[in-house]
Amino acid sequence: MDRRSRFRVDNWGSYAREREEIANLIDALGLTGRLLMLSGDAHMVAIDDGTHSNYATGTGRGQAWLRRDARGSLDRRTSGKGGPYSHGVSKQRGQFGLVEVTDDGQQLSVELSGRDRAGARIPGMRLALACADSACDITPSAK
């Protein structure tokens, strides 16, 4: 193993070209407003409404794009990864994330929320989406 690969950091920052290629494919398929990325390795609760997740070539930062949701630490030590996140970050032990999907046959609704060990919503950690036809739009949410 050479010295460079031994000390290489293994995160999305090390794979900017690959991340851009994946984002370009998602954009070309017209899926940018319809995908939700869930992750669980961050040991924190964080939600981004898409304003910090636009990695496709030639697209502007700040445009709603791919919604991201990092899921909690449960009973493990906390950490922080990535960001920034539109809804901030919560680093507590015992927290977890909840994704609730409702489909009434006409419209699909998705709610992301961060919860503490008792199941109570963590303030500010909620994102609600209403999906119809080819896109999901953010709905007004009570904190």
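So, the overall build of the protein chain
Piece 1. Each helix and strand counted, the protein chain has two helices and eight strands in total.
Piece 2. Seen in sequence order, the protein chain has helices and strands lined up from the N terminus as α-α-β-β-β-β-β-β-β-β.
Piece 3. Counting across all 143 residues of the protein chain, residues that qualify as buried make up 34%.
Piece 4. Across the protein chain, every contact between residues at least 6 apart in sequence was considered, and the portion connecting residues at least 24 apart equals 51%.

Quick look at the pattern of salt bridges
Piece 1. In this structure the tally under the stated criterion is five salt bridges.
Piece 2. With its nearest N and O atoms 3.5 Å apart, the salt bridge here joins Glu 111 to Arg 121. Linking Glu 111 in strand β6 (residues 108-115) with Arg 121 in strand β7 (residues 121-132), this pair joins segments that are 10 residues apart in sequence.
Piece 3. Its relative accessible area of 16% is what places Glu 111 among the buried residues.
Piece 4. Note that Glu 111 and Arg 126 form a salt bridge whose closest N and O atoms lie 2.8 Å from each other. In this pair, Glu 111 is assigned in strand β6 and Arg 126 in strand β7, connecting sequence segments 15 residues apart. Across this residue pair, the class does not change: Glu 111 and Arg 126 are buried.

Brief notes about the state of the cysteines
Piece 1. Scanning the model with the defined rule gives one disulfide in all.
Piece 2. Between the sulfur atoms of Cys 131 and its disulfide mate Cys 136 the distance is 2.0 Å. Between Cys 131 and Cys 136 the disulfide shows an S-S torsion of about 110°. By sign, it is right-handed.

A short note on the nonpolar core
Piece 1. Judged by nonpolar contacts, Val 45, Ile 47, Val 110, Leu 112, Ile 122, Met 125, Leu 127, Leu 129, Cys 131 and Cys 136 together constitute the single largest core of 10 residues.
Piece 2. When contributions to this core are tallied by element, the ones reaching two or more residues are β2 (45-48), β6 and β7.
Piece 3. Ranked by residues supplied to this core, first place goes to β7 with five residues.
Piece 4. Not counting chain neighbours up to four residues away, the residues in contact with Cys 131 comprise Gln 107, Leu 108 and Cys 136.

Considering the sheet that holds strand β5 (residues 96-103)
Piece 1. One open sheet holds the four strands; their spatial order is β5-β6-β7-β8, and the pairing between them is antiparallel. Edge strands, defined here as strands with exactly one partner in the open sheet, are β5 and β8 (135-139). When the angles between neighbouring strand axes are averaged without regard to direction, this sheet yields 20°.
Piece 2. Summarising the sheet, β6 and β7 pair through seven bridges and their orientation is antiparallel. Paired with Ser 113 across the two strands is Arg 126, which belongs to β7.

The rules we used
Residues numbered from 1 in each chain as written. Predicted model: local features only at pLDDT ≥ 70, side-chain atom pairs only at ≥ 80, totals over all residues. Heavy atoms only, no water. Helix = DSSP H or I, 4+ residues; strand = E, 2+ residues; numbered from the N terminus. Buried < 20%, exposed > 50% of the residue type's maximum accessible area, 1.4 Å probe, protein only. Contact = heavy atoms within 4.5 Å. Salt bridge = Lys/Arg side-chain N within 4 Å of Asp/Glu carboxyl O. Disulfide = S-S within 2.5 Å. Core = buried A, V, L, I, M, F, W, Y, C linked by side-chain atoms within 4.5 Å. Pairing = 2+ DSSP bridges. Axes fitted to C-alpha atoms, helices over the stretch in contact; angles between N-to-C directions.

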